[in-house]
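Observations on chain architecture
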Amino acid sequence: MLNRVSRSFAVVIQSLPTELRDAVCLFYLVLRALDTVEDDMAVAVDVKVPLLRVFHEKIYDRSWKMSCGYGPYVDLMQQYPLVTDAFLRIKPMYQKVIADITRRMGEGMAEFIEKEVLTVKEYDLYCHYVAGLVGIGLSQLFASSQLESEEFANMEDLANHMGLFLQKTNIIRDYLEDINEEPAPRMFWPKEVWGRYARRLDAFKAPENAAASLGCLNELVTDALRHAPHSLAYMAKLRNHDVFRFCAIPQVMAIGTLALCYNNRGVFTGVVKMRRGETAKYVQQLCTMADLHQAFDRFAGSISARASELVNTDKNAKLALRRAAEIQ
Ligand SMILES: O=C(O)CO[C@@H](C(=O)O)[C@@H](OCCCCCc1ccc2ccccc2c1)C(=O)NCCCCCc1ccc2ccccc2c1
Ligand SMILES: [Mg+2]
Ligand SMILES: [Mg+2]
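Quick summary incoming for the structure in this document.

1. Re the coordination of the magnesium ion (ligand 2)
The coordination sphere of the magnesium ion (ligand 2) contains the protein donors Asp35 (OD) and Asp39 (OD), at a distance range of 2.0 to 2.1 Å. In this structure, the magnesium ion (ligand 2) lies 3.4 Å from the magnesium ion (ligand 3), and both are coordinated by Asp35. Taken together, the residues Asp35 and Asp39, both in helix α3 (residues 18-39) and four residues apart, mark about one turn of the helix. Taking the relative accessible area as the measure of exposure, Asp35 reaches 13% and is therefore buried.

2. Some points on the layout of surface pockets
Counted as a void, the second largest pocket has a volume near 430 Å³. Residue lining of the second largest pocket: 22 residues in total, with Glu116, Pro185, Arg186, Met187 and Phe188 positioned closest to the centre. Those elements that provide at least two residues to the lining of the second largest pocket are α4 (45-58), α7 (92-113) and α11 (191-194). Within the lining of the second largest pocket, the residues separate by chemical class into 15 nonpolar, no polar and seven charged.

3. Here we look at the side chain of Lys168
If you trace the backbone, Lys168 turns up in helix α9 (residues 156-173). A polar contact of 2.7 Å, which involves the side chain of Lys168, links it to the side chain of Asp124. Not counting residues within four places of it along the chain, the set of residues in contact with Lys168 comprises Tyr123, Asp124, Cys127, Asp223, Ala224, Arg226 and His227.

4. Let's talk about the nonpolar core
Within the largest apolar cluster, 123 residues are counted, with the highest numbers of intra-cluster contacts made by Tyr175, Trp189, Phe204, Tyr234 and Met235. In contact with Tyr175, other than residues within four places in its own chain, are Met187, Trp189, Leu201, Asp202, Phe204, Lys205, Val267 and Phe268.

5. A look at the packing of α3 against α4
At a closest axis distance of 10 Å, the pairing of α3 and α4 adopts a crossing angle of 170°. For the element pair α3 / α4, the angle class is roughly antiparallel. Crossing angle aside, the handedness with which α3 passes α4 is left-handed. Contacts between α3 and α4 involve Val30, Ala33, Leu34, Val37, Glu38 and Asp39 from the former and Lys48, Leu51, Leu52 and Phe55 from the latter. Among the residues forming the contact of α3 with α4, the class breakdown is seven nonpolar, no polar and three charged.

6. A word on the pattern of salt bridges
Counting across every chain of the model gives 21 salt bridges. The partner of Glu156 in a salt bridge is Arg104, with the nearest N and O atoms 3.3 Å apart. You can see Glu156 sitting in helix α9 and its partner Arg104 sitting in helix α7, a full 52 residues away along the chain. Among the residues examined, Glu156 registers a relative accessible area of 31% and is labelled partly exposed. Classification of Arg104 as partly exposed rests on a relative accessible area of 24%. Through salt bridges that share partners, Asp100, Arg103, Arg104, Glu107 and Glu156 make up one connected network.

7. Some words on the state of the cysteines
The full count for this structure, using the stated rule, is zero disulfides. For Cys127, which is in no disulfide, the shortest distance to another cysteine sulfur is to Cys216 and amounts to 14 Å. You can see Cys261 has no disulfide; the closest cysteine sulfur is in Cys216, sitting 13 Å from it.

8. Things to note about the site of ligand 1
Around ligand 1 there are 20 residues in total, and Arg32, Asp35, Asp39, Tyr73 and Gln167 lie nearest to it. Between ligand 1 and Asp35, the relevant distance is 2.9 Å, taken from an oxygen atom to a side-chain nitrogen or oxygen of the residue. The side chain of Tyr73 places a nitrogen or oxygen atom 2.7 Å from an oxygen atom of ligand 1. For ligand 1, whose unbound accessible area comes to 820 Å², protein coverage reaches 90%. The element best represented in the shell around ligand 1 is α3, accounting for seven residues.

9. Brief notes about the environment of Ala295
The topology assignment puts Ala295 in helix α17 (residues 289-310). In the structure, Ala295 is positioned 134 residues away from His161 in sequence and 18 Å away in space, judged by C-alpha atoms. Not counting residues up to four positions away in its chain, the partners in contact with Ala295 are Val252 and Tyr282.

10. Section: helix α18 (residues 317-327)
Note that an α-helix has 3.6 residues per turn; residues three or four places apart therefore point the same way. Within the span of α18, buried status applies to Ala317, Ala320, Arg323, Ala324 and Ile327. The buried residues of α18 occupy one face: seen down the axis, they fall within an arc of 120°. Contacts made by the buried residues of α18 are with α12 (210-225), α13 (228-236), α14 (241-261) and α17.

11. A short note on the packing of aromatic side chains
Taken as a whole, this structure holds 18 aromatic pairs when the rule is applied. Relative to Phe268, the ring of Tyr175 has its centre 4.9 Å away and its plane inclined at 70°; by these criteria the two rings are edge-to-face. Of the two residues, Tyr175 sits in helix α10 (residues 175-179) while Phe268 sits in helix α15 (residues 266-269), which places them 93 residues apart along the sequence. You can call Tyr175 buried: its relative accessible area is 0%. Among the aromatic side chains, those forming a connected cluster through ring pairs are Phe112, Tyr126, Tyr129 and Phe188. Here the basic side chain of Lys115 rests over the ring of Phe112, its NZ or CZ set 4.6 Å away from the ring centre.

Basis of the calculations
- Residues numbered from 1 in each chain as written.
- Chains lettered and ligands numbered in written order.
- Predicted model: local features only at pLDDT ≥ 70, side-chain atom pairs only at ≥ 80, totals over all residues.
- Heavy atoms only, no water.
- Donors = N, O, S within 2.8 Å, 3.2 Å for Na, K, Ca; no water.
- Helix = DSSP H or I, 4+ residues; strand = E, 2+ residues; numbered from the N terminus.
- Buried < 20%, exposed > 50% of the residue type's maximum accessible area, 1.4 Å probe, protein only.
- 1 Å grid on protein atoms, 1.4 Å probe; cavity = no way out; pocket = protein on both sides within 12 Å on 5 of 7 lines; lining within 4 Å.
- Points joined across faces, edges and corners; volume = space filled by probe spheres on them.
- Nonpolar A, V, L, I, M, F, W, Y, C, P; charged D, E, K, R; others polar.
- Polar contact = N/O pair within 3.5 Å; in protein donor to acceptor, adjacent residues only side chain to side chain.
- Contact = heavy atoms within 4.5 Å.
- Core = buried A, V, L, I, M, F, W, Y, C linked by side-chain atoms within 4.5 Å.
- Axes fitted to C-alpha atoms, helices over the stretch in contact; angles between N-to-C directions.
- Parallel < 35°, antiparallel > 145°, perpendicular 65-115°, else oblique.
- Left-handed = near helix turned anticlockwise from the far one by under 90°.
- Salt bridge = Lys/Arg side-chain N within 4 Å of Asp/Glu carboxyl O.
- Disulfide = S-S within 2.5 Å.
- Near = heavy atom within 4 Å.
- Areas by Shrake-Rupley, 256 points an atom, 1.4 Å probe, with all protein chains shown as cover.
- Arc of directions from axis to C-beta.
- Phe/Tyr/Trp six-rings, centres within 6.5 Å; stacked < 30°, edge-to-face > 60°.
- Lys NZ or Arg CZ within 6 Å of the ring centre and 35° of its normal.

Following this line, the structure appears as structure tokens:
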């Protein structure tokens, strides 16, 4: 089921130690099912909001399933009892972490169903709900498994940055895919930022607004870079090699994607994805913090190089240079 549902995370989840693999795999499937409810615009709001809030109880109900979602997620929702059976077989201490994060994420998603992301503060709060909480839950699973120290049971701030770095990268990269979504696009770019560059968010698709679109894109990439030093600090505390790779690989993909997006009109005209060869090089040899710093340095250096050419035209270029320097 996991392989059919997730292209990216399935690979890293399966490389985890046996003690953690099933719990993390189920953590993924439970939250992906919750997210499928959140994302499905065909589900009426008065059905969706209560369901998001009660989902943490449904994960114990062997009969629960639902017809919703798109693509591979339809199977996940239709065959959800398989997930529940497996969920009820893992250790109660893992079930408890998963249920608690599911409750907090469901409440957070419900809060944002009827309100747009306006301020950067709300942007950070939404990303906390859908991704920061994943990092927090994973840290608790690492501590419970005793593969990492007890300090991970209570590392909400650094773990939150791990999630925000990944989620903001996705939100920035997926501009065109999200804005063209039928029937109604759900956009998470904070209006406090894009509102200073255009009157409507879809204006960035028009070539005559290229300069404004790049100014906004660069400001959001610069904001996302804020989390990178904290992600590095979190990963420096990891002691288990497989857990380290599980955490580090998505982070390297994210900094690489941000470097690709910076000042790149391709974000508004097509899909911006790192070339497989580009990532494979970094993923294969990712073993130590030195390897991780080398990968971050390379991509932060690429952003610095472009930002230094923009200091006279882009008002955030100097901040981008400072943020990239903090990472190198
Ligand atoms: O629908 C889609 O395909 C994309 O949905 C995005 C959205 O709707 O915003 C959005 O959905 C978010 C809500 C469901 C979260 C599901 C999830 C993802 C990765 C996991 C990894 C391990 C364990 C559990 C996990 C749970 C999404 O998938 N965004 C991708 C970034 C989320 C990263 C979560 C995360 C946070 C901290 C981490 C720390 C270490 C390793 C992996 C980490 C993974
Ligand atoms: Mg989603
Ligand atoms: Mg979602």
